[in-house]
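Report on the structure
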Amino acid sequence: WEFNGSFYQPSAFLMMGIPGLEALHHWISIPFCALYLIALLGNCMILFIIKKTQSLHEPMYYFLSMLAVTDLGLVLCTLPTTLGIFWFNMRRIGFDACLTQMYFIHILSFIESSVLLAMAFDRFIAISHPLRHPSILTKTTVIKIGLAIILRGMVSLLPIPFLLKRLTYCGKTELSHSFCFHPDIMNLACADTKVNDFYGMIILLSTVGMDFIFIVLSYILIIKTVISLATKDECLKALNTCVSHICAVLVFFIPMIGLSMIHRFGKNIPPLVNTLVAYTYLIIPPALNPIIYSIKSSHIREALLRALWRK
């Protein structure tokens, strides 16, 4: 512990695996390893196929590449601490290291939310204004959107680690997860956390919350456009291009909203439920997104089959 007058700050936190199942951590690590492996190989495969296939060099797949890179980042942020607990019971993480991990997890989550919004915008333009789509979403525009997404995430979350460092912490240092999460760290403080809570809520609502609202609005406009199409086949063909994206949105936003609600309002929810929702939020989307797009996108699937055939 570091002592400075009335200011207390722990040198480290203790992370939690799966509460009540500590004796089974070695066995539980097997499905986690499988999910991490699927996420790493699947997203690397998506990036490789898009890079090597000239016909996939268009906005929809550029945004898919951004999603894959973000998912890889999320996996690499949580993999060392999660498997460290399951394999070696390495629960200790330094205070500054915890804040760093927390910062990158939240940045990557916000970036993924923004990328999903950009993908919704791309689908709206492609369906509503197909002839203008190439001129609206040029390669330069996509790059600018990508840089704006990264900058928004970095700047909006930059105060969070400093707001946590100014707090006084009590004797409890055990986190609820095998990774560092802002509300989880904040709950260990014995100082007034109103500023942290208010800022965290405002940032969450103004970024991820607004992204979700605009995604819903995009699909309302898409549905209005699809309904106006002449034939049923055209309607189904247009909607089929959105199925992968809708699945990715649901897989990401449902556990994220659930985890945020649990941390803020679910004081009486069993720790096991909290832990499972957290793992679902950070591990399942990176593992499922490559599978979803490989199955539903005929272009990705055909490019993958060609690559395997050449091998």
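For the structure itself, look to the data block above.
So, here is what we can say about the structure in this document. For every chain, the first residue of the written sequence is number 1, and numbering continues from 1 along that sequence. In view of the model being predicted, local features appear only for residues whose pLDDT reaches at least 70, and side-chain atom pairs are presented and counted only at 80 or more, with totals across whole chains, interfaces and linings using the full set of residues. Processing note: side-chain calculations cover all non-hydrogen atoms of the structure and skip hydrogens and water entirely.

**Section: the state of the cysteines**
Pairs of cysteine sulfur atoms within 2.5 Å are what we label disulfides. All told, the structure shown has 2 disulfides when counted by the stated rule. Here C98 is linked by a disulfide to C180, with a sulfur-sulfur distance of 1.9 Å. Given an S-S torsion of about -120 degrees, the disulfide between C98 and C180 has left-handed geometry. You can see C98 sitting in helix α3 (residues 95-128) and its partner C180 sitting in the loop between α6 (159-165) and α7 (182-186), a full 82 residues away along the chain. Neither residue differs from the other here; C98 and C180 are each classed as buried. There is a disulfide in this structure between C170 and C190, and the S-S distance comes to 2.3 Å. Taken together, the positions of C170 in the loop between α6 and α7 and C190 in the loop between α7 and α8 (194-227) put the pair 20 residues apart, joining distant regions of the chain. Of the residues examined, C170 reaches a relative accessible area of 30% and is grouped as partly exposed. Partly exposed describes any residue whose relative accessible area lies between the buried limit of under 20% and the exposed limit of over 50%, with all areas from a 1.4 Å probe on protein chains only and scaled to the type maximum. Since its relative accessible area comes to 44%, C190 is described here as partly exposed. For the protein, the bonded cysteines pair up as 1-3, 2-4 when numbered in the order they occur along the sequence. Between C44, a cysteine without a disulfide, and C77, which holds the nearest cysteine sulfur, the sulfur-to-sulfur distance is 15 Å. By the criteria applied, helices consist of DSSP H or I runs no shorter than four residues and strands consist of E runs no shorter than two, each listed in order from the N terminus.

**Looking at the packing of helix α1 (residues 25-52) against helix α11 (residues 271-296)**
Running from N to C, α1 and α11 point in directions that differ by 45 degrees, and their axes come no closer than 8 Å. On the basis of the axis angle, α1 is oblique to α11. Considering only the axes of α1 and α11, their crossing is left-handed. Mapping the contact onto sequence places F32, L35, Y36, I38, A39, G42, N43, M45 and I46 in α1 and Y279, I283, I284, P286, A287, P290, I291 and S294 in α11. When residue character is reported, Ala, Val, Leu, Ile, Met, Phe, Trp, Tyr, Cys and Pro are called nonpolar, Asp, Glu, Lys and Arg charged, and the others, Gly included, polar. A class-by-class count of the residues in the contact of α1 with α11 yields 14 nonpolar, 3 polar and no charged. Between N-to-C directions, angles span 0 to 180 degrees; the directions come from axes that are lines fitted to C-alpha atoms, helices contributing only their stretch in contact. Should an angle lie under 35 degrees it is considered roughly parallel, over 145 roughly antiparallel, and from 65 to 115 roughly perpendicular; all remaining angles are considered oblique. Crossings are assigned a handedness: left-handed for a near helix turned anticlockwise from the far helix by less than a right angle, right-handed for a clockwise turn. We call two residues contacting when some pair of their heavy atoms lies within 4.5 Å.

**A closer look at unusual backbone geometry**
Unlike most non-glycine residues, N89 shows phi in positive territory, near 55 degrees. Among the structural elements, N89 can be located in the loop between α2 (59-88) and β4 (92-94). Under the relative-accessibility criterion, N89 is labelled exposed at 54%.

**Topic: the nonpolar core**
Counting 88 residues, the largest nonpolar core has F13, L64, L116, L164, Y169 and I185 as the members making the most contacts within it. The leading source of residues in this core is α3, at 19 residues. Nonpolar cores are built from buried Ala, Val, Leu, Ile, Met, Phe, Trp, Tyr and Cys residues. Side-chain atoms within 4.5 Å join them into one set.

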